[in-house]
Amino acid sequence: RMMGRFNAAAMMRQRLITTVVIASCSNLACAFLVGSGPRLALRTPKQKLCSGVCTILHKAPLPIAAEKRATRGLSSLRATIATSAQTDVKARVAILQERLSAAGVDGMLVMSADAHQSEYVADRDQAVKYISGFSGSAGTVVVGKDGAALVTDGRYTIQAGLQLDAAWSVKEVGARLPSMAQHVKDSLLSSHRIGVDASTVPVSTWRTLSETLTGGGHSLVPLWNNPIFDMWEQEGRLGRPSAKVRPHPIEYAGASVADKLSELRGEMAKAGADAIVVSMLDEVAWMLNVRGADVDYNPVTMAHLVVTTHETLLFIDEAKVSDADTKTHLLVDNVKMLPYDAFLSTVQTLSSSGTKFMLDAGKTSWAVYSAIQAGDPKAVPIEKFSPIAHPKARKNAAERKGMEAAHVRDAVAMAKFLCWIEGAVGTEEVTELSAAAKAEFFRAQQDKFAGLSFPTISASGPHGAITHYCVSPETSRTLREEEMFLCDSGGQYLDGTTDVTRTIHFAKAPPDEVRRCFTRVLQGHIGLADACFPPGTTGFQLDVLARLPLWRDGIMYAHGTGHGVGAYLGVHEGPHAISFSQRPPDAAFEAGFTTSIEPGYYLQGKFGIRIENIMMTYAETITPPIGPSLDLLHFEPLTLIPFQRRLIDTALLSPHEISYLDRYHQRVFDEVSPFLISGPHADAKTLDWLRESTRPLLS
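Residues numbered from 1 in each chain as written. Predicted model: local features only at pLDDT ≥ 70, side-chain atom pairs only at ≥ 80, totals over all residues. Heavy atoms only, no water.

Draft legend 1. Broad picture of helix α16 (residues 397–424). For α16, spanning 28 residues, the distance from its first C-alpha to its last is 40 Å, which sits close to the expected 40 Å at 1.5 Å a residue. Burial runs high along α16: 20 of the 28 residues are buried. N-capping of α16 is provided by N396, with a side-chain oxygen placed 3.1 Å from the backbone N of A398. Looking one or two residues beyond α16, the residue adopting positive phi is G426, at roughly 100°. (Helix = DSSP H or I, 4+ residues; strand = E, 2+ residues; numbered from the N terminus. Expected span 1.5 Å × (residues − 1). Buried < 20%, exposed > 50% of the residue type's maximum accessible area, 1.4 Å probe, protein only. Polar contact = N/O pair within 3.5 Å; in protein donor to acceptor, adjacent residues only side chain to side chain.)

Structure (structure tokens):
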């Protein structure tokens, strides 16, 4: 994945490589390049090259000197390729401008999403990265006659500045800032006909863009063949992902496909619809109780779904469902499989026969909407918020059980990691890369581990201030005793998905100002984590509870406070979110919803602090001494990992906050320690660390 940053297409043209393979080991990022010309291999002396999970080949950390040699080699190669990549980006933009002009279009919007409106997309769909070099998960490129610009949010502005050359401008979106559509309009200096791949734009976004651009004297034009992909094909664009689909067992899913389809058809009947289009990959996977491996960190498969009153049509490459168990799983519920590329034409045919479609305008592409109207120009789809989103977010009993179990196993892994890293820094050399690999090493030892849930953010010192910092051989720093270390990481397990951030300091007595900032962030976390609130409350209404302790000390953070988490699905899940910006649909919390709570503070060039737990929402009824009872919701933590004691200034905490932390830490010890006392993960050293880390704060 680190090598994924290299410009593979440019390297292939230079006959340097045809394949790039990466594997992490316990203290080294091993890489090898297989060349169609000369072979380049980065190896450690007398060590087998990693070809899989590090636990198979490396039982102990490799010498740091070996890592230095490998990192220097990778850094040198990456620097060479980076120069080539910048040249390629300039050439690609110029070629794109020529092709657009020949087609009668003045410019193009390049969206970061794919045809399924995914946040994380397969390598072959990363059009923004191809045309700009920017690798963040959120961004829109504007290529016009007068130049090029990137629009992104505050998580990625620093990264964009590092990855784009000086010819590009970077525009930020967020609370009280211009919208993406406004930035696009303002980036165009003269009247433009702006093209956009219609399959990558949700209906609602298309309308907003079209209205805003029209107001600026421009027009939005749908492109049915993406010219960037046409260019990319000539350079060797990857084929469509082909990972096998596998059934998701009922013991983890908790509800049958038949029950889910019945509920969905009930919602369709209420709306007066004959069919519904489902393109979001996590919704397809959840509806059919299947999982895949087509997108890094996301156990999903590339497919569309159309559910009618009497048929369930799955549009997918047939080779991905060749396994007998998977075929049987789908056939039991009469799921009919059709070619992936037949999706839009089938929608058009159904529409022409009078089928009344229902769709979510925020999750369905303009290409789908256009196919419906191509079938029947008078057709007006019923636009409703996805009837799948809430049931998927509302974890059933089996999903809750799985999430709880996955988080306990994850806690065992992270306890071992934190114990190791606190002891290693200052006694041996540890880098951001080796720390990230070590965290994955411990997770990979856990039962039901299926991979990471996102690229680990392993950030020391000033790198911690880059909200979504992504370590590479070129940027990896050595961890120092006098600096902070922020680790945001998570795992995919067959029964649940995890995401946790801990910030630690390696000095025995961290600076007072650092401890104060950490404690304010911790107070913000507690303020929201310990809240109770009535049904109907939204994340926008709750957000202030996490920010207030920071505001009182004159500090703040620019990102959202919380996101939902899937049950062995995406690490980011709607329809709810906790944010200072009110975003549609701004769904109210319900019992069974998961959410992260992750306030932070970032001092650019110095350090970053973020504290993140995943929470489960529960219902409760409180009966007051006088008057009727009151139905409320509250959070309970799924994450069971201690907060570092040495960073907590207890003088700033209220008795209630101290009580909350002591109760939380006692629960952490009670649920995690049994796995360290006996069994395959027994570890006396980590057990001692856990006992010390969870003792009462004032003891």
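Now, onward.
Draft legend 2. Looking closely at a nonpolar patch on the surface. A surface patch of nonpolar side chains, amounting to about 480 Å² of accessible area, comprises V544, L545, L548, W551, M556 and F580. Take W551: it is sitting in helix α20 (residues 544–551). By relative accessible area, W551 is classed as partly exposed at 36%. (Patch = residues over 30% accessible without salt bridge, like charges linked within 9 Å, V, L, I, M, F, W, Y side chains within 5 Å. Areas by Shrake-Rupley, 256 points an atom, 1.4 Å probe, with all protein chains shown as cover. Salt bridge = Lys/Arg side-chain N within 4 Å of Asp/Glu carboxyl O.)

Draft legend 3. Expanded view of the sheet that holds strand β13 (residues 304–308). With mixed pairing, six strands are arranged side by side in an open sheet as β15-β14-β13-β11-β16-β17. What marks the edges here is a single partner per strand, and that holds for β15 (335–338) and β17 (382–383). Alignment of strand β16 (residues 357–359) against β17, held across two bridges, turns out to be parallel. Within β17, the residue paired with L359 across the bridge is E383. (Pairing = 2+ DSSP bridges.)

Draft legend 4. Region of interest: the packing of aromatic side chains. Counting across every chain of the model gives 16 aromatic pairs. Seen in terms of ring centroids, F533 and F635 are 5.3 Å apart; in terms of plane orientation they differ by 50°. Their pairing is tilted. With F533 in strand β24 (residues 532–533) and F635 in strand β31 (residues 630–637), this residue pair connects regions lying 102 residues apart in the sequence. Each of the two residues, F533 as well as F635, counts as buried. Across from the ring centre of Y369, 5.3 Å away, lies the NZ or CZ of R207, which sits over that ring. For the cation-ring pair, R547 lies above Y557, with the distance from its terminal atom to the ring centre recorded as 4.0 Å. (Phe/Tyr/Trp six-rings, centres within 6.5 Å; stacked < 30°, edge-to-face > 60°. Lys NZ or Arg CZ within 6 Å of the ring centre and 35° of its normal.)

Draft legend 5. Up close: the side chain of S118. With respect to the helices and strands, S118 occurs in the loop between β4 (107–110) and α4 (127–132). In this structure S118 comes out as buried when scored by relative accessible area, which is 12%. Here the side chain of S118 touches D114 through a polar contact of 3.1 Å, side chain to side chain. Ignoring anything within four residues of it in the chain, the contact list for S118 reads S112, A113 and L281. (Contact = heavy atoms within 4.5 Å.)

Draft legend 6. Spatial organisation of the packing of α16 against helix α21 (residues 655–677). Direction vectors running N to C along α16 and α21 enclose 65°, while the axes themselves pass 9 Å from each other. In terms of orientation, α16 lies roughly perpendicular with respect to α21. Seen along the crossing, α16 lies across α21 with a hand that is right-handed. Contacts between α16 and α21 involve V408, A411, V412 and K416 from the former and E671, V672, F675 and L676 from the latter. In terms of residue class, the contact of α16 with α21 is built from six nonpolar, no polar and two charged. (Axes fitted to C-alpha atoms, helices over the stretch in contact; angles between N-to-C directions. Parallel < 35°, antiparallel > 145°, perpendicular 65-115°, else oblique. Left-handed = near helix turned anticlockwise from the far one by under 90°. Nonpolar A, V, L, I, M, F, W, Y, C, P; charged D, E, K, R; others polar.)

Draft legend 7. The arrangement of the environment of P535 in detail. Secondary-structure assignment places P535 in the loop between β24 and α19 (539–542). C-alpha of P535 to C-alpha of L633: the two residues are 98 residues apart in sequence and 6.4 Å apart in space. Among residues more than four places away in sequence, those in contact with P535 are D631, L632 and L633.

Draft legend 8. View of the sheet that holds strand β8 (residues 193–197). Spatially, six strands are ordered β7-β6-β5-β4-β8-β9 in an open sheet, and the strand pairing comes out mixed. Each edge of the sheet is formed by a strand with only one pairing partner; in this case those strands are β7 (169–173) and β9 (219–223). Averaged over all adjacent pairs, the angle separating strand axes in this sheet is 25°, with direction ignored. Note that strand β5 (residues 140–144) and strand β6 (residues 147–153) share five bridges and pair antiparallel. Each residue of the ladder has a partner; that of G144, found in β6, is G147. Together, β4, β5, β6 and β7 form the strand contacts of helix α6 (residues 180–187), whose direction differs from that of β7 by roughly 150°.

Draft legend 9. Summary view of unusual backbone geometry. In this model, G574 is joined to P575 through a cis peptide bond whose omega is 10°. Summarising the element assignment, P575 is placed in strand β26 (residues 573–578). Phi angles above zero are rare outside glycine, and Q117 is one such case at about 60°. Within the fold, Q117 resides in the loop between β4 and α4. On the basis of relative accessibility, which here comes to 11%, the residue Q117 falls in the buried class. Phi at Y297 is positive, roughly 75°, even though this residue is not glycine. For Y297, the location among the structural elements is in the loop between β12 (290–291) and β13. What makes Y297 buried here is its relative accessible area of 13%.

Draft legend 10. Region of interest: the pattern of salt bridges. Counted by the stated rule, this structure contains 28 salt bridges. The residue E671 makes a salt bridge to R667 at a minimum N-O spacing of 2.8 Å. Highlighted residues: E671 and R667, both in helix α21, separated by four residues, approximately one helical turn. Classification of E671 by relative accessible area gives partly exposed; the value is 30%. Relative accessible area serves as the criterion here: at 28%, R667 is assigned to the partly exposed category. Across the pair R691 and D688 runs a salt bridge whose closest N-O atoms are separated by 3.2 Å. Of the two residues, R691 and D688 are both situated in helix α22 (residues 684–693); the distance of three residues between them amounts to about one turn of the helix.

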